Each structure stands twice: as C-alpha cells, then as structure tokens.
Amino acid sequence: MLVNAKEMLQKAAKGGYAVAQININNLEWTKATLTMAQEQKSPVILGVTGGAAKWMVSFATVTAMAKEMYKSLGLTVPVAIHLDHGSDEQCHACIEAGFTSIMFDGSHYPFAENIAKTKDFVALAHAKGMSIEAEVGSIGGEEDGVVGAGDLADPEECRQIAALGVDFLAAGIGNIHGQYPEGWLGLDFDVLGKIRDACGGIPLVLHGGTGIPAEMIQKAISLGVAKINVNTELQLSFAAATRKYIEDGKDKAGKGFDPRKLLNPGYEAIRQTVKEKFELFGSVGKA
Ligand code: 13P
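These numbers come from a predicted model, not from an experiment.

Draft legend 1. Fine view of the environment of Val48. Here Val48 lies in strand S2 (residues 44–48). In the structure, Val48 is positioned 23 residues away from Asn25 in sequence and 7.5 Å away in space, judged by C-alpha atoms.

Draft legend 2. Here's a closer look at empty space enclosed by the protein. Inspection of every chain in the model, using the stated rule, returns two cavities of 30 Å³ or more. Considering the residues around the second largest cavity, the lining is formed by Leu169, Ala171, Ile173, Leu192, Ile195, Leu204, Val205, Leu206 and Val225. Those elements giving two or more residues to the lining of the second largest cavity turn out to be strand S8 (168–171), helix H8 (189–198) and strand S9 (204–206). Per-element tally for the lining of the second largest cavity: the top contributor is S9, with three residues.

Draft legend 3. Up close: the sheet that holds strand S5 (residues 131–136). Read around the barrel, eight strands follow the order S1-S2-S3-S4-S5-S8-S9-S10 and close on themselves; strand pairing throughout is parallel. Pairs of neighbouring strands in the sheet enclose a mean axial angle of 25°, with direction left out of account. On top of the sheet, helix H5 (residues 88–97) reaches strand S3 (79–86) and strand S4 (101–104); it is set at about 160° to S3, its chief contact. Along the sheet, helix H9 (residues 214–222) makes contact with S9 and strand S10 (225–230), crossing S10 at roughly 140°.

Draft legend 4. Expanded view of H9. By the burial criterion, the buried members of H9 are Met216, Ile217, Ala220 and Ile221. All buried residues of H9 project into a common sector of 140° when viewed along the axis, lining one side. In H9, the exposed positions angled more than 90 degrees off the buried face are occupied by Glu215 and Ser222. Its buried side turned inward, H9 meets H8, S9, S10 and helix H12 (264–281).

Draft legend 5. Main features of the site of the ligand. Around the ligand there are 15 residues in total, and Asp84, Gly178, Gly208, Thr210 and Thr232 lie nearest to it. Take His207: an N or O atom from its side chain is 3.0 Å from an oxygen atom of the ligand. The separation between an oxygen atom of the ligand and a polar main-chain atom of Asn231 is 2.9 Å. For the shell around the ligand, the secondary structure elements donating two or more residues are S3 and S10. Per-class residue counts for the shell around the ligand are two nonpolar, 11 polar and two charged.

Draft legend 6. Highlighting the nonpolar core. Formed by 77 residues in total, the largest nonpolar core has its most connected members in Val48, Val79, Ile102, Leu169, Ile195 and Leu206. Considering every element that reaches this core, the biggest residue donor is helix H4 (residues 59–72), with six residues. When residues no more than four places from it in sequence are discounted, the contact partners of Leu206 are Ile173, Asn175, Leu187, Ile212, Ile217, Ala220, Val225, Lys227, Ile228 and Asn229.

Draft legend 7. Representation of unusual backbone geometry in the model. Of note, Lys41 is a non-glycine position whose phi angle comes to about 50°, a positive value. With respect to the helices and strands, the residue Lys41 is situated in the loop between helix H2 (27–39) and S2. Note on Lys41: relative accessible area 40%, which makes it partly exposed.

Draft legend 8. Inspection of the packing of aromatic side chains at higher detail. By the definition in use, this model includes five aromatic pairs. Centre to centre, the rings of Phe104 and Tyr109 are 6.4 Å apart; their planes meet at 20°, and the pair counts as stacked. Residue classification places Tyr109 among the partly exposed residues on the basis of a relative accessible area of 22%. Clustering of aromatic rings is evident, with ring pairs tying together Phe104, Tyr109 and Phe121. Between the NZ or CZ atom of Lys31 and the centre of the ring of Tyr267, over which it lies, the distance is 5.4 Å.

Draft legend 9. The pattern of salt bridges, seen in detail. Throughout the structure, instances matching the rule amount to 14 salt bridges. A salt bridge links Glu68 to Lys71, with the nearest nitrogen and oxygen atoms 3.7 Å apart. Here Glu68 pairs with Lys71, and both are found in helix H4, just three residues apart, close to one helical turn. Taking the relative accessible area as the measure of exposure, Glu68 reaches 40% and is therefore partly exposed. Lys71 sits in the exposed class, given a relative accessible area of 60%. Where Lys277 meets Glu233, a salt bridge forms, and the shortest distance between an N and an O atom there is 3.0 Å. Taken together, the residues Lys277 in helix H12 and Glu233 in helix H10 (residues 232–247) connect sequence positions 44 residues apart. Take Lys277 and Glu233: they sit in the same class, and that class is buried. Via salt bridges that share partners, Glu39, Glu268 and Arg271 belong to a single interconnected network.

Rules used throughout
Residues numbered from 1 in each chain as written. Predicted model: local features only at pLDDT ≥ 70, side-chain atom pairs only at ≥ 80, totals over all residues. Heavy atoms only, no water. Helix = DSSP H or I, 4+ residues; strand = E, 2+ residues; numbered from the N terminus. 1 Å grid on protein atoms, 1.4 Å probe; cavity = no way out; pocket = protein on both sides within 12 Å on 5 of 7 lines; lining within 4 Å. Points joined across faces, edges and corners; volume = space filled by probe spheres on them. Pairing = 2+ DSSP bridges. Axes fitted to C-alpha atoms, helices over the stretch in contact; angles between N-to-C directions. Contact = heavy atoms within 4.5 Å. Buried < 20%, exposed > 50% of the residue type's maximum accessible area, 1.4 Å probe, protein only. Arc of directions from axis to C-beta. Near = heavy atom within 4 Å. Polar contact = N/O pair within 3.5 Å; in protein donor to acceptor, adjacent residues only side chain to side chain. Nonpolar A, V, L, I, M, F, W, Y, C, P; charged D, E, K, R; others polar. Core = buried A, V, L, I, M, F, W, Y, C linked by side-chain atoms within 4.5 Å. Phe/Tyr/Trp six-rings, centres within 6.5 Å; stacked < 30°, edge-to-face > 60°. Lys NZ or Arg CZ within 6 Å of the ring centre and 35° of its normal. Salt bridge = Lys/Arg side-chain N within 4 Å of Asp/Glu carboxyl O.

Quick look at the structure:
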C-alpha cells in the first residue's frame, strides 16, 4: 500500500538522511524507481508534476499505475505518491485521485494569500490522511512550465507557513530546477540554518537536486533537509543511454527496434541514477 510521506520524512530528519523524491514520467520511470527502492531497501517518494500527469493521461491513471505496480511487484518499502508544485486545481484533483501526498505551491501568490490557501489545503489533505508540503520563496529555473525567479526564503515567512501544520516545507535557498549555470553561487547555508531554527524541526525539502555537489547535499541534510527532489538528472541519464543505443545502430540490428529493447538502456540508466541518489542521500537500508 502506498503511504503518505510524513512518517518517512520525520524518521529521515531524526536519522540524519534524506528521502529522494524521484519525479516520474511514464511506466518505465515508475518501475525503475520502485524496483530500485526495493532492492536498496530505501523509502522513496514518486513525484508527479501536472505536466507529467497530463502526459500519463490523468492523476487517476498515475495513482492506479503506482498502486498496482506496488502490489504486483510485491514491494514492502514505504512509497508515497506526491504532487509536485501543485496549483489549487491540481491539488484538488490529486486529493480526488487518491494521491497520498501533495505539494501546494503558493509561493507565487502574495504572502497573505499563500498563508490562506496553504491553511485550507492543510485541512483538506489531513482530512484524507495525506501529507502536505508548502513552499516559501520560489525555486529558480523552470520545471514543466512552472517558472520561479529563485529568491531566498524569509525565515519568518517560513515560520508562519510551518505553523499552519504543513508536514514538510520547501524553501528557496539559492537552489534552482534544471542544470546549475556556470557561476552559480551555491546553496545559502546561513539562510537554511535560520529557516531550520525558525521552523521548529519540521523536515525541510530541497528542490532542484540535479547537479548539487555531494558536500552541499551532505551539509544541507545536516541542517534539516530530509527530502531532496530529483528530476532533470534522470531525464539526462535516460536520454544519454537511449542516444547511445541508437548511435551504436542497435535499433537497426535484428529486432532492436522492439520498444522493450529500445527503452531498456534508458530504463537501466534511470535505475543507476536512482541508486546513486539513495546512496548520496543516505537512505539505503532505512526502509
Ligand atoms: P531538478 O529537475 O533540478 O532535479 O529538480 C527537481 C525538483 O525540484 C522537482 O520539484
């Protein structure tokens, strides 16, 4: 059974490691992530953006696929299915569709509106036994059409949002979605420490996990980050392995055009990247 993400993240925050949110795009992504989580005895959060859900037809399709796969693969590790950067409409749709967790991203609203809306979604999510993530200070870069300027979150605003009863909180600390540009200033650990102190120990979320150097990941975990989101890095691994297969002419040899053969190198590449993330975040063997 899929679970909400509250308990696994509280355990991670106490244990000094982070749980990976792996964003999924299709059946292969989901299967790669779930099989590796089981092999590594690691908890995991399946992240779904509105765009990815649209590609897979609907939030309900994604829930059905994840739930059925969890059962049919005989999984035992804790797995949550979580809406990534949800709008009002998407949060409502995921509550209906049987997700176990949502992120309401009100960071682009004036702060008072972010507070009011987050408060409503906390009540709705908790009434259904779901966990909820909120956001303060937008994450820079672009992900599936959601664009953020990338400001540093104000610790006082973080305190106020955390006090609404959200289960975990995303706060901008210089992180961005997608690949980090040359000259990126790095994560602001001073701000992260202040946010941690202001938020009474709720697990913090680091978005934009692609390409953050290992030492920064470790330091962020030591300062209260218990969930790290990764999306682009899996897309890059998948694309590179698929490109190699085709450039090596393998799709033209025998039945190499069979989609199960054509997609397999990319599938295996995703599995390896997921494994590397579990190792880096310290979640191996924690399930
Ligand atoms: P990346 O695409 O940079 O890994 O970020 C993923 C993310 O933060 C999902 O919300």
